[in-house]
There are 4 protein chains.
Amino acid sequence: MARKTNSEQRRAEIVMALLATMAGHGYEKATIQLIAREAGLAPGLLHYHFKTKAEILLALVKTLAAMSRQRYLALADNAEGATQKLAAYIHARLGLGEGADLKAVAAWVVIGAEAVRQPEVRAVYQDAVREEMALLHELLSACLAEQRKSTAAVPALAAAVLAMMEGAFQLASAAPGVLPQGYAAQTALALVERFIAAEATSGLR
Amino acid sequence: MARKTNSEQRRAEIVMALLATMAGHGYEKATIQLIAREAGLAPGLLHYHFKTKAEILLALVKTLAAMSRQRYLALADNAEGATQKLAAYIHARLGLGEGADLKAVAAWVVIGAEAVRQPEVRAVYQDAVREEMALLHELLSACLAEQRKSTAAVPALAAAVLAMMEGAFQLASAAPGVLPQGYAAQTALALVERFIAAEATSGLR
Amino acid sequence: MARKTNSEQRRAEIVMALLATMAGHGYEKATIQLIAREAGLAPGLLHYHFKTKAEILLALVKTLAAMSRQRYLALADNAEGATQKLAAYIHARLGLGEGADLKAVAAWVVIGAEAVRQPEVRAVYQDAVREEMALLHELLSACLAEQRKSTAAVPALAAAVLAMMEGAFQLASAAPGVLPQGYAAQTALALVERFIAAEATSGLR
Amino acid sequence: MARKTNSEQRRAEIVMALLATMAGHGYEKATIQLIAREAGLAPGLLHYHFKTKAEILLALVKTLAAMSRQRYLALADNAEGATQKLAAYIHARLGLGEGADLKAVAAWVVIGAEAVRQPEVRAVYQDAVREEMALLHELLSACLAEQRKSTAAVPALAAAVLAMMEGAFQLASAAPGVLPQGYAAQTALALVERFIAAEATSGLR
DNA sequence: AATGAATGAGCATTCATTCAT
DNA sequence: AATGAATGAATGCTCATTCAT
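Since this is a predicted model, take the numbers as computed values, not measurements.

This next bit is on the interface of chain C and chain D. Many structure descriptions define interface size as the accessible area lost when the parts assemble. Listed by partner, the interface residues are 49 residues for chain C and 49 residues for chain D. Counting each side, the surface lost to burial between chain C and chain D is near 3,900 Å², with a carbon and sulfur contribution of 76%. Residue Arg194(D) is joined to Glu199(C) by a salt bridge in which the shortest nitrogen-to-oxygen separation is 2.6 Å. Across the contact surface, chain C and chain D share 12 residue pairs in polar contact (both at pLDDT 80 or more). Top contributing element to the side of chain C that touches chain D by residue count: helix H8 (residues 154-174) of chain C, with 15 residues. Within the side of chain C that touches chain D, the residues separate by chemical class into 32 nonpolar, 9 polar and 8 charged.

As a further point, take helix H1 (residues 7-25) of chain C. Residues and elements named next belong to chain C. Here H1 spans 26 Å end to end across 19 residues, near enough to the 27 Å set by a 1.5 Å rise per residue. Of the residues making up H1, those classed as buried are Ile14, Val15, Ala17, Leu18, Leu19, Ala20, Thr21, Met22 and Ala23. Of the residues trailing H1, Gly26 is marked for its positive phi of about 80°.

Moving on, we come to the packing of helix H5 (residues 81-94) of chain C against helix H9 (residues 183-197) of chain C. Residue and element names in this part refer to chain C. Contact geometry for H5 and H9: axes closest at 9 Å, N-to-C directions at 145°. Read as a crossing pair, H5 and H9 show a hand that is right-handed. Of the residues in H9, those touching H5 at Thr83, Leu86, Ala87, Ile90, His91 and Leu94 are Ala184, Ala185, Ala188, Leu189, Val192 and Glu193. Classifying every residue of the contact of H5 with H9 by side-chain character gives 9 nonpolar, 2 polar and 1 charged.

By nearness alone, 37 residues border DNA strand F, and Ser7(A), Arg3(C), Arg10(C), Tyr48(C) and Ile32(D) come closest of all. Here Asn6(A) contributes a backbone N or O atom positioned 3.3 Å from a phosphate oxygen of DNA strand F. With respect to DNA strand F, the backbone of Ile32(B) contributes an N or O atom lying 2.9 Å from a phosphate oxygen. Contributions of two or more residues to the surface near DNA strand F are made by helix H1 (7-25) and helix H3 (43-49) of chain A together with H1 and helix H3 (43-49) of chain C. Class assignment of the residues belonging to the surface near DNA strand F gives a composition of 13 nonpolar, 16 polar and 8 charged.

Here we take up the interface of chain B and chain A. The partner chain A presents 49 residues to the 49 residues of chain B that form the contact. Of all residues in chain B, Val116(B), Leu191(B) and Arg194(B) bury the most surface against chain A, accounting for 16% of the area lost on that side. Seen at the junction of chain B and chain A, the total is 2 salt bridges. Linking chain B with chain A are 12 residue pairs in polar contact (both at pLDDT 80 or more). Mapped by element, the contributors of at least two residues to the side of chain B that touches chain A are helix H1 (7-25), helix H6 (99-117), helix H7 (119-146), helix H8 (154-174) and helix H9 (183-197) of chain B. Examining the composition of the side of chain B that touches chain A, we find that 15 residues originate from one element, H8(B), more than from any other. For the side of chain B that touches chain A, a count of residues per class yields 32 nonpolar, 9 polar and 8 charged.

All right, on to the relation of the copies chain B and chain A then. Here two copies of a chain appear, and what relates them is a rotation about an axis with a shift along it. Superposition of chain B onto chain A requires a rotation of 180° combined with a translation of 0.0 Å along the rotation axis, giving an RMSD of 0.1 Å. Both copies are brought into coincidence by an operation consistent with a two-fold rotation axis.

Over its 15 residues, H9(B) extends 21 Å from the first C-alpha to the last, a length consistent with the 21 Å expected when each residue adds 1.5 Å. Listed in full, the buried residues belonging to H9(B) are Tyr183(B), Ala184(B), Ala185(B), Thr187(B), Ala188(B), Leu189(B), Leu191(B), Val192(B), Phe195(B) and Ile196(B). Contacts from the buried residues of H9(B) go to helix H8 (154-174) and helix H9 (183-198) of chain A together with helix H5 (81-94), H7 and H8 of chain B.

How each quantity is defined
- Residues numbered from 1 in each chain as written.
- Chains lettered and ligands numbered in written order.
- Predicted model: local features only at pLDDT ≥ 70, side-chain atom pairs only at ≥ 80, totals over all residues.
- Heavy atoms only, no water.
- Contact = heavy atoms within 4.5 Å.
- Buried area = accessible area lost by both parts, 1.4 Å probe.
- Salt bridge = Lys/Arg side-chain N within 4 Å of Asp/Glu carboxyl O.
- Polar contact = N/O pair within 3.5 Å; in protein donor to acceptor, adjacent residues only side chain to side chain.
- Helix = DSSP H or I, 4+ residues; strand = E, 2+ residues; numbered from the N terminus.
- Nonpolar A, V, L, I, M, F, W, Y, C, P; charged D, E, K, R; others polar.
- Expected span 1.5 Å × (residues − 1).
- Buried < 20%, exposed > 50% of the residue type's maximum accessible area, 1.4 Å probe, protein only.
- Axes fitted to C-alpha atoms, helices over the stretch in contact; angles between N-to-C directions.
- Left-handed = near helix turned anticlockwise from the far one by under 90°.
- Near = heavy atom within 4 Å.
- Least-squares fit on C-alpha atoms with pLDDT ≥ 70 in both.

So, to be careful, I would describe these as geometric facts and stop short of saying anything about function.
Written out as structure tokens, the structure is:
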């Protein structure tokens, strides 16, 4: 049997090394040398598996989006009903704290800033945002429908929840310790629940 | 005999040129050459007025914080009562759209990412966050007190509102057009108002 | 698979290129570009093998000290008796004239001036001076002991001889042709011999 | 009466400021800004009084040579006989220790290194060396003549003494504390005296 | 004479990318 | 696949010199 290539494995290692390096150094200062050291690989090897540094970044954005998705799916499995599913989602996103996550969150913040200037990063970042919006849309619509409320406010509400999440990542990374611990998930949930509770009942009959 | 100093004027020009450049290029790619061109100055002059590029960035963070403060104060003047003051605050922060502001918002997002890795930037960024938190704390406490509600949730609520604001900046800069237009201020206000309305009345009698 | 490292070889080449460049341009004007051209290497490569230019200078100081040591050892091999050993030492240091040596001497003078202001250079320069002093101390003590003379004057005498050597380097580099040719080794030896001859006999019996 | 220009005074201040700055920073790092600050003058003023920085250096070399000359003349006044005059000379050069002198000595060492690469500095440095040699020649010849000794060795002896002086400056500046304190003047004198004592009597009758 | 802002060439250093092995 | 040396363009920063006031 032919020797299996380990390219996929290597690519994943490199992407995770960028994640770790970027969390502490930002994107520009995450040099190929630094990433290679983090990954325990020779610098030249990175360009064997990826044509450019930017390509590694794009792969990382997709990986982070996928990781985020996985986390929700894992928690959503045990959730029943629309409200519980929404809670699972918010906890998946905002119930942070574990080691690897802190780095992922910091990297995500850095990616957000790169998206401001790099069209290619912006494109995949926006894909991730759209996907998130679609998911939130679905979850919130289900919640409102469950309570026979109007779904008119869903787009704005979804946007507000997404903003709260992104902002929480930003503040957790750049101003750690300034905000109260563990406020995020609970408060976000409370805000949404009270908003929904106060929403007018649906015109449908 | 001597020569009148124009340093303050020049420093301000340079800081605004960094703002404009950073909004489109990020911090690292906002080179001294680019900033100088934007300001219409010789590159060397930037280092005559600022020791390092990082120093210009710190000055910018302080300038943006001051600009933000001013904007709230201008709007708050016409506001009466705690609820109107809170609305004025949220509109000052999230009622964006005008030209200069878009750049300031993008620059702020980039600064947030730099704060992740540069301790000195982080320090001034955190000062700005703390100041914002204190202001929000005061505004929310007044709102709740006005309606004789418990103020126990104020810290978490303030953090959530701040996160929503930072996240809105992020999304507006990195994913323009993906989110509904003008959702931010109104939705944020609605979320807070409904949250407060549903809050338990204060134990005080 | 891997690639054989040639770092040691390259580092040595770079150090010798600094030596040659510094002899004619001084340290500050010995730019990385100039050194690279002298070595026939790309400028960037110098920073691949040395972190900073100052680091190349430190390596050069150590190299020159080692070269000096070697030269004495080669000459001392044929010397018999303390007096001949001392003569071998002084000739090793002051019997200059050959091509490579002129450059080494000029570089050493430049290094001496850099030691005035760069603490790290000063440290290694002082190490070299101490080593030289220890060697001179030993040689002079042996000479005096051989002739049953007091060794009380050895420290001052060693210092004077060392100063004469350093000064001869200085004058040979900065005022070539002003001083008589080939005076140095012979006169230094004569001064020391007559000093010893006139020294009081040791109190030991 | 017309207002007297203070140019000469200013020029002297600037030269002394270069002396002080160079002692601690070397020549290249003694920037116009730094020298101006040391002198308490505006940077632009330096180029009003001197066309280039190199011109200040040349003036300094001449000033130091003149200072050195003055010091000998002051001490020589009280000296009687050739031997005492020689002792006065050596003490004038090597009897260091006072504050201003340490800086002058360090600056002289730096100048010696600059003379290696700057032809114009080398020229005035060599003038100073020649003048010193002539003086030493005269003093040593007188000493030998006084004792009816051959003066054949004078050139080599003068060169050796000059080298010892320059080397003592170098070592005092770049390796302070490594050599015994106050060895220089005494040992130099002793070496010369014993050399002369052992010299053959003059063929003259 | 004096000031201090302005200029621009030159420097050490960084770094993505390439390439011979 | 893998290594690590090599390249060279780009960057922040320095600094002698100039100049308007």
